[in-house]
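# An overview of the molecular structure
Residues per chain, in single letters:
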Amino acid sequence: MTAIAFSAAGCGASGSDSAPASSGSAADEPVTPSATPDLQTSLIGSWKDDPTGAYLTFSDDGTFIGSDNCNSLSGSFSPNGEGRTTIRFDMHTLRGCSVILDWLDKTREVSVEGDSMTAFDGAGDVLGTLERG
């Protein structure tokens, strides 16, 4: 499976008996994970770094939790329309520990290929990978 792709096709009602269109356009409506089956099948679940014990777990409600092996992380995620998923941290503790995955909290986008998730920083540079597990 390559990078996550998203489409608005099939997301609205069809047929002549559908309700009148709302005043907002489809572009105004947020894309949710439930409306993106590729996201559910490729990103949802746990991703781990075995040497450190760090992990991220993505849920189908658009939220994630995780740990860098010391600090707790949580936030939300959504497709960005460019084959990647944007993640936003809502909470991140800042305890000092000797063994952490030091790039995890710098992650701003992810993409999935098979059982590997690649993490990118805000500039689009690769930070590292986590494996499905």
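From a predicted model like this one, the values you see are computed outputs, not experimental measurements.

The next subject is the pairing of strand 4 (residues 72–79). Counting buried positions along strand 4 gives six out of eight residues, so the element sits mostly inside the fold. Judged from the five bridges that link them, strand 3 (residues 63–67) and strand 4 form a sheet pairing that is antiparallel. Residue pairing for strand 4: Gly 66 is matched across the bridge by Leu 73. What sits between the antiparallel neighbours strand 3 and strand 4 is a turn of four residues, in which Asn 69 has the positive phi angle 90°. Both strand 4 and strand 5 (residues 85–92) contribute to a ladder of seven bridges, which runs antiparallel. Note on strand 5: the bridge partner recorded for Gly 75 is Phe 89.

With that out of the way, let us pick up the pairing of strand 1 (residues 45–49). With five bridges joining them, strand 1 and strand 2 (residues 54–58) adopt antiparallel strand pairing. Opposite Lys 48, over in strand 2, you have Tyr 55 as the bridge partner. By the bridge criterion, two bridges tie strand 1 to strand 8 (residues 126–132) in an arrangement that is antiparallel. Bridge pairing in strand 8 links Trp 47 to Arg 132.

Applying the stated rule across the entire model yields three aromatic pairs. Judged by centre distance (5.1 Å) and plane angle (85°), the ring pair of Phe 58 and Phe 77 falls under edge-to-face. A residue pair is termed long-range when its members are at least 10 positions apart, and Phe 58 in strand 2 and Phe 77 in strand 4 qualify at 19 residues. Take Phe 58 and Phe 77: they sit in the same class, and that class is buried. For the ring pair Phe 64 and Phe 89, a centre distance of 5.5 Å and an interplane angle of 85° mean the geometry is edge-to-face. You can see Phe 64 sitting in strand 3 and its partner Phe 89 sitting in strand 5, a full 25 residues away along the chain. Counting every residue linked through ring pairs, the aromatic cluster contains Phe 58, Phe 64, Phe 77 and Phe 89. If you follow Arg 84 out to its NZ or CZ, it ends over the ring of Phe 120, 3.5 Å from the centre.

Here we take up the confidence of the model for the protein chain. The predicted model of the protein chain has a mean per-residue pLDDT of 75, with 68% of residues at 70 or higher. Averaged pLDDT values for the elements of the protein chain fall to 57 in helix 1 (residues 37–42) and rise to 96 in strand 8. Taken together, the stretch residues 1–37 has pLDDT below 50 and engages in 36 contacts with residues farther than four places along the chain or on a different chain.

Conventions used here
Residues numbered from 1 in each chain as written. Predicted model: local features only at pLDDT ≥ 70, side-chain atom pairs only at ≥ 80, totals over all residues. Heavy atoms only, no water. Buried < 20%, exposed > 50% of the residue type's maximum accessible area, 1.4 Å probe, protein only. Helix = DSSP H or I, 4+ residues; strand = E, 2+ residues; numbered from the N terminus. Pairing = 2+ DSSP bridges. Phe/Tyr/Trp six-rings, centres within 6.5 Å; stacked < 30°, edge-to-face > 60°. Lys NZ or Arg CZ within 6 Å of the ring centre and 35° of its normal. pLDDT = per-residue confidence, 0-100. Contact = heavy atoms within 4.5 Å.

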